[in-house]
Amino acid sequence: MDLELTEDQELFRETTAKFLERTSPLSTVREWAEKEPAGFPADWWRQGAGLGWTSLLVSEDDGGGSVSGHGLLDLVIVAEEMGRGVAPGPLLPVNVVAAALSEYGTQDQRDRYLPDLLSGEAIASWCLTEKGAPGLPSGVGLQATRRGADFVLTGRKGPVEAGAEAEFFVVAALVDGEPTQFLVDADAPGVTVTRAEGLDLVRRFAMVELDDVVLPAAAVLGEAGAGAPQIERLFELAVALECASMAGVIDRVLSFTMEYSFDRYSFGRPLASYQALKHRFADMKLWTEASLATALAAARSVDAKSERAFEFVSVAKSYIGDRAPLILQDCVQLHGGIGVTWDHDLHLYIRRVVQDRALFGTPYDHRERIAQALRLEESHGH
Amino acid sequence: MATDRLDTDRVDAAPAEGTEDLEAFRMRARAWLADNMPPLQETLTPHQLMLQDEMGTRARELQRILFDGGFAGLCFPKEYGGQGLTRAHQAAFTHESAPYEMPLVLNVPTFSILAPTLLDFGTEEQKRAHIPKIISGEEMWVQFLSEPSGGSDLASLVTRATRDGDVFILNGSKIWSSGAFRADYALCLARTEWHVPKHRGLTCFIVKIHQPGIEVQQIKMVNGSSEFCQEFFDDVAIPAENVVGEVNDGWTVATRLLYHERDAVGGGSPYTSGVFGGRGEHGSGRTDLIDLARATGRTGDSHVRQLVAESRANDLVGAQLISRVTKGISTGKFPGPAGSLHRLYAATNAERHQDIALELAGAGAGAWAEGDLAGEKGIEFLSRQSGSLGGGSNEMQRNIISERILGMPREYAADKDKPFDEVRHNASPSRPR
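Chains are numbered independently. Their residues run from 1 in the order of the written sequence. Ligands are numbered from 1 and chains lettered from A, in the order in which they are written. Two thresholds apply to this predicted model, a pLDDT of at least 70 for residue-level local features and 80 or more for giving and counting side-chain atom pairs, whereas whole-chain, interface and lining totals are computed over all residues. The side-chain figures draw on all heavy atoms in the structure; neither hydrogens nor water molecules are used.

> Would you take a moment to explain the interface of chain B and chain A for this structure?
Here, two residues are considered to be in contact whenever any of their heavy atoms come within 4.5 Å of each other. Each partner contributes residues to the interface: chain B has 43 residues there, and chain A has 45 residues. When two parts are put together, the accessible area they lose, computed with a 1.4 Å probe and summed over both, is reported as buried area. Buried area between chain B and chain A, summed over both chains or domains, comes out near 4100 Å², and the portion from carbon and sulfur atoms is 61%. The largest per-residue losses of area from chain B upon contact with chain A belong to B:Arg305, B:Gln306 and B:Arg324, which jointly make up 18% of the total buried on that side. Here, a salt bridge means any Lys or Arg side-chain nitrogen found within 4 Å of an Asp or Glu carboxyl oxygen. Put simply, chain B and chain A have nine salt bridges between them. Here B:Lys327 and A:Glu4 are joined by a salt bridge, their closest N and O atoms 3.8 Å apart. N or O atoms within 3.5 Å of each other form a polar contact, as long as, within protein, one can give a hydrogen and the other can take it, and as long as residues adjacent in sequence are counted only when both atoms are side-chain atoms. One can count 21 residue pairs in polar contact (both at pLDDT 80 or more) joining chain B with chain A. Going along the chain from the N terminus, every DSSP run of H or I of four or more residues is numbered as a helix, and every run of E of two or more is numbered as a strand. Mapped onto the side of chain B that touches chain A, the elements with two or more residues apiece are helix H8 (288-295), helix H9 (302-330), helix H10 (339-361) and helix H13 (394-405) of chain B. With 16 residues, the top contributor of residues to the side of chain B that touches chain A is H9(B). Each residue is assigned to one of three groups, with Ala, Val, Leu, Ile, Met, Phe, Trp, Tyr, Cys and Pro labelled nonpolar, Asp, Glu, Lys and Arg labelled charged, and all others, Gly among them, labelled polar. When the residues that make up the side of chain B that touches chain A are grouped by side-chain class, the tally is 16 nonpolar, 12 polar and 15 charged.

Shown next, in the form of structure tokens:
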């Protein structure tokens, strides 16, 4: 958690945490996993929207507003708390789309799409990922060809979070080879959404097929061919949220694994008294604090639209993405056999972290971005 | 120990009324540096410059220039010759100073370990006698803590200080003091009482290093350096007014010294000025692996790119962790021992950095043409564990983190609460002739 939260942010954090504890404890998460197609009841998401979960990245003129004047720093508080409780809900896709509309949308686009998104009535998602370079801005290959004044989109996107629940999408495509983003309604002719399998119990994904989808020029977000900075910006927002989520997960899991080590006795001593285990906890504490630190630094750089954001999100994602799964598996090891049972909650957290690690660039992908930020020449020698 | 009232805690207090605006300070520093400090040359790295200046003569001159210009001891209190500024001012100055030759050898241990400890526990007379001279570059200090008889179990030391009227008579030996041969004074921890448990019979003294009865020997290390020293004390008379803190309460002083040491070694000290990494196009941070990848012509190799990027990420995360822990300690959200977090991070990251450097160096780490960067990496690898040993080993840091941050049970200690003279301990070695 940010050690420098303002009083308002601290109150916001408490409100969010209490709401999550009350409405979606892990027993409820397990229940919703079974019986809720979206992973959560629609009314629950509307209540979350009422707490501000959907409006932090949107300007006040458009009906949004932040707690601290730094919307992303408020939003990562929610992402971190949702990580702690493996909460469901399309926090990432809805906020990325809301930011896209607020920052790049025309008045008409904002009037049409934002009110329902902010109130929680509608869900939307961002279609970035394709085969090839999955989850990265550089991986956009879906073609949008001009037909008169219109654009025609054909191709396949996925996995798309909350794709089956979304009423509309922001779709990243190429027009004449240049990145361009479009607003696409889920019920537009030629759009086919198919539910996908996913590791997380309550986060849902889908594949989105676009077959000759005809869009007017008014569906372009910003200008045709000018999508590259948008896509990078939205990507950075998405990665900052993933990192906060993973940091929340490991902070929580380390904490209950430590409690377990105090309570569990073998050979007449608590596990926490064995130096071999104490030293592993020390390492995990170090990695967790480092993860919290780098997640926050990433969020701050993205919030400030700093030129270092490109590198900072990739530093955070590569570091946390590497450490978090190892920390969780070591926590399984410290729990013993109970840690690999369905009834124990550890796997809920592992599912969440592995998914966060995998989407929007793996640690490997992000290290390549760092190499680019360092301007390491891609051709050999001098 | 009422650590919340120590002098060095003031560095994180709200800036005093009238403190110079950060950006104004930065501009003033930038202009002053350009006019007064010698620019770094391409041919020698800051590290090489430091090795050339074996006796610290150059460093003292450079520090004097900083002092005369009002840019020395930025975070030290004004009443002792400092500038009473904030960490942010120091960070800005360090950033601005990167293109210039700086007296980096004074940073550790003089500025970041000994001076802050003296500030916290020295008498008013001691502070006025020494801190202004430290800040002006006149005095270099070291710590006389570790002994040949024990490293991690510092409190079992056996160097003896026996009261004799107005003086204490010091006998024994200290080791691993860095640069003692060129330093002027030391803080020395010695046993003054043997019939009490080990922590309660220690006293901390200010010791003038170059005087009859003290012999300083340099120790040759695996990388060829002779920075570390061993000292032998033979009936050295120390005036009683040189006691720092209370007689038999030296452990309190040593604990604080170790706190400052962890901060210094982990990179979190506000009292250092300037950095070795310099400042390239990528902000402050070391660029040796980028240079190495370029030197070996392998920047396009995906494996090489991954390793360089991993190291870069580790370095940035380390800096971000320091900010977090420093903020946590200063706001009371983290306990003081949290400094062990960035100390352990820095050490494990240094190990990884060496491993990556060795991989990138390839064949050149084994045999090389004179001046090749790859060869330097081979030699540096020999000292890979240095950072994990100095300032309390990684294993001690893990004990501290688990016991004093996470609250896990303390390790069993056979000497707990026993008078030291009833505890089995190692003897002090006799001096080699």
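On we go.
> Can you walk me through the pattern of salt bridges in this structure?
As a working rule, side chains carrying opposite charge can pair if their charged atoms are close by. All told, the structure shown has 65 salt bridges over all chains when counted by the stated rule. Here B:Arg286 and B:Asp315 are joined by a salt bridge, their closest N and O atoms 2.8 Å apart. Within this pair, whereas B:Arg286 is found in the loop between strand E10 (283-284) and H8, its partner B:Asp315 is found in helix H9, the two being separated by 29 residues in sequence. Here the salt bridges do not stand alone but share partners, grouping A:Glu10, A:Arg13, A:Glu80, A:Glu81, A:Arg84 and A:Asp251 into one network.

> What am I meant to see in the layout of surface pockets here?
Residue and element names in this part refer to chain B. Estimated volume of the second largest pocket: approximately 380 Å³. Considering the residues around the second largest pocket, the lining is formed by 26 residues, among which Ala-16, Phe-76, Gln-83, Gly-84 and Leu-85 are closest to the centre. Class assignment of the residues belonging to the lining of the second largest pocket gives a composition of 12 nonpolar, seven polar and seven charged. Buriedness for pockets is judged along seven lines, at least five of which must meet protein on both sides within 12 Å for an open set on the 1 Å grid over protein atoms alone, while cavities are sets there where a 1.4 Å probe fits but cannot get out, and lining residues have an atom within 4 Å of a point. Grid points are joined across faces, edges and corners, and a volume is the space filled by probe spheres set on the points.

> How should the environment of B:Leu321 be read in this particular structure?
Assignment of secondary structure puts B:Leu321 in helix H9. Sequence spacing of B:Leu321 and B:Ala346 is 25 residues, and the spatial spacing of their C-alpha atoms is 10.0 Å. If we ignore the near neighbours within four places in the chain, the residues touching B:Leu321 are A:Leu286, A:Glu289, A:Ala290, A:Ala293, B:Leu341, B:His342 and B:Tyr345.

> Sorry, what's going on with the packing of aromatic side chains here?
Note on aromatic pairs: each is described by the distance of the centres and the angle between the planes. Residues and elements named next belong to chain A. Pairs were defined over the aromatic rings of Phe, Tyr and Trp, the Trp ring being its six-membered one, requiring ring centres within 6.5 Å. Orientation was assigned from the angle between planes: stacked under 30 degrees, edge-to-face over 60, tilted for the rest. According to the stated counting rule, one finds 23 aromatic pairs over all chains in the structure shown. The interplanar angle of 25° and the centroid separation of 6.3 Å between the aromatic rings of Phe-19 and Trp-44 together place this pair among those described as stacked. Remark: Trp-44 occurs in helix H3 (residues 42-51) and Phe-19 occurs in helix H1 (residues 7-23); sequence separation between them is 25 residues. With respect to class, Phe-19 is no different from Trp-44; both count as buried. When the centroid spacing of 5.9 Å and the interplanar angle of 15° are considered together, the rings of Trp-126 and Phe-360 count as stacked. Summary of the burial criterion: residues with accessible area below 20% of their type's maximum are buried, those above 50% are exposed, and those between are partly exposed, where the area comes from a 1.4 Å probe applied to protein chains only.

> Could you clarify how one ought to interpret the side chain of B:His353 in this entry?
Residue and element names in this part refer to chain B. Inspection of the secondary structure puts His-353 in helix H10. On the accessibility criterion, His-353 (4% relative accessible area) is buried. Here His-353 is in contact with Arg-286, Asp-288, Leu-289 and Ser-311, once residues within four sequence places are set aside.

> Whenever I open this one, a nonpolar patch on the surface confuses me. Can you help?
Residues enter patches when their relative accessible area tops 30% and they take part in no salt bridge; the joining distance is 9 Å for like charges and 5 Å for the nonpolar side chains Val, Leu, Ile, Met, Phe, Trp and Tyr. Where accessible areas are quoted, they stem from the Shrake-Rupley method and a 1.4 Å probe; at the residue level, only the protein chains shown are allowed to cover. Taken together, the side chains of B:Val222, B:Trp368, B:Ile379 and B:Leu382 present a nonpolar region at the surface, about 390 Å² in accessible area. Relative to the helices and strands, B:Trp368 is located in the loop between H10 and helix H11 (373-382).

> Could you clarify how one ought to interpret the side chain of B:Ser136 in this entry?
All names here are of chain B. Mapped onto the elements of the fold, Ser-136 is located in the loop between helix H6 (124-135) and strand E1 (141-144). Classification of Ser-136 by relative accessible area gives buried; the value is 5%. Non-local contacts of Ser-136, meaning those with residues more than four positions away in its chain, are made with Arg-60, Gln-63, Arg-64 and Phe-67.

> Hey, could you run me through the pairing of strand E4 (residues 168-175) of chain A in this one?
Both faces of the sheet carry side chains from a regular strand, because those side chains alternate between them. All names here are of chain A. With eight of eight residues buried, E4 lies mostly within the body of the structure. Judged by which residues are buried, E4 turns out to be covered on both faces: Phe-168, Val-170, Ala-172 and Leu-174 on one side and Phe-169, Val-171, Ala-173 and Val-175 on the other are all buried. Bridging between strand E1 (residues 124-127) and E4 involves four bridges; their strand directions are parallel. What sits directly across from Ser-125, in E4, is Phe-169. By definition, two strands form a pair when at least two bridges between them are found by DSSP. As judged from the eight bridges shared by E4 and strand E5 (residues 178-185), these two strands associate in the antiparallel manner. Within E5, the residue paired with Leu-174 across the bridge is Pro-179. Where E4 folds back on E5, the antiparallel hairpin that results is connected by two residues, among which Asp-176 adopts a positive phi of roughly 50°.

> Explanation requested: the nonpolar core in the structure shown.
Here, nonpolar core refers to any group of buried Ala, Val, Leu, Ile, Met, Phe, Trp, Tyr and Cys residues whose side-chain atoms link them within 4.5 Å. One finds A:Leu72 and A:Trp126 to be the most contacted residues of the largest nonpolar core, which totals 139 residues. A total of 18 residues in this core trace back to one element, the largest contributor, which is helix H7 (residues 228-263) of chain A. Residues in contact with A:Leu72, not counting those within four places in the same chain, are A:Leu57, A:Leu237, A:Ala240, A:Leu241, A:Ala299, A:Val302 and A:Asp303. B:Leu62, B:Leu106, B:Cys188 and B:Val243 belong to the second largest nonpolar core, which has 72 residues in total.

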